[in-house]
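Listed below, chain by chain, are the residues.
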Amino acid sequence: MTSRGTPLDRGLGDLEPGTGQRAQLRARVTDIAWTAGCAVLALWAVWSSVGAVRGTTAWVYGAVAWVLLVVALTARVAGRRRSLR
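Treat the numbers as computed from the prediction; the structure is a model and nothing was measured.

Procedures and definitions
Residues numbered from 1 in each chain as written. Predicted model: local features only at pLDDT ≥ 70, side-chain atom pairs only at ≥ 80, totals over all residues. Heavy atoms only, no water. Helix = DSSP H or I, 4+ residues; strand = E, 2+ residues; numbered from the N terminus. Buried < 20%, exposed > 50% of the residue type's maximum accessible area, 1.4 Å probe, protein only. Contact = heavy atoms within 4.5 Å. Areas by Shrake-Rupley, 256 points an atom, 1.4 Å probe, with all protein chains shown as cover. Expected span 1.5 Å × (residues − 1). Salt bridge = Lys/Arg side-chain N within 4 Å of Asp/Glu carboxyl O.

Peer 1: How would you summarise the overall build of the protein if you had to cite specific residues and measurements?
Peer 2: When its secondary structure is counted, the protein shows two helices and zero strands. The buried share of the protein, taken over its 85 residues, is 12%. Within the protein, residue pairs in contact and separated by at least 24 positions form 36% of the contacts whose partners lie at least 6 positions apart. Of the roughly 7,200 Å² of accessible surface on the protein, a fraction of 64% belongs to carbon and sulfur atoms.

Here it is, written out as structure tokens:
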């Protein structure tokens, strides 16, 4: 604060390279990206499966979507376990 009691502008501060906030930001953005990717894959898998049951799409699309979802979730779980060690 300055002598008049107004806050002194110091820029971003907490998000400068090497700070804990910066490391947490990177982890948070990564979590959001993984969540969004898995959500899209899950929606695709369900939509394709429903379409295959109705006969409007090929069942292969649903199978591929489910396989990709399982691979993505497995990679995410393995990544979380490695980061916690």
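Back to the text.
Peer 1: For helix α2 (residues 59-84), give the residues involved together with the corresponding values.
Peer 2: Helix length check: α2, at 26 residues, gives a terminal C-alpha distance of 38 Å against a target of 38 Å (1.5 Å per residue), a fit within 8%. Among the residues of α2, G62, A65, L69, A72 and R76 are the ones counted as buried. Structurally, α2 contributes buried residues whose contacts are with α1 (20-54).

Peer 1: Summarise the environment of L43; cite the residues concerned and give the values.
Peer 2: Along the chain, L43 turns up in helix α1. Put simply, L43 and A65 are 22 residues apart on the chain and 9.0 Å apart in space, counted from C-alpha to C-alpha.

Peer 1: Quick one: what's the story with the pattern of salt bridges, residue by residue and with numbers?
Peer 2: According to the stated counting rule, one finds one salt bridge in the structure shown. Where R76 meets D31, a salt bridge forms, and the shortest distance between an N and an O atom there is 2.1 Å. With R76 in helix α2 and D31 in helix α1, the pair connects residues that are 45 residues apart, well separated along the chain.

Peer 1: Please set out the side chain of R76 residue by residue, giving values where relevant.
Peer 2: Residue R76 is classed as buried on the basis of its relative accessible area, which comes to 18%. Non-local contacts of R76, meaning those with residues more than four positions away in its chain, are made with D31 and W34.

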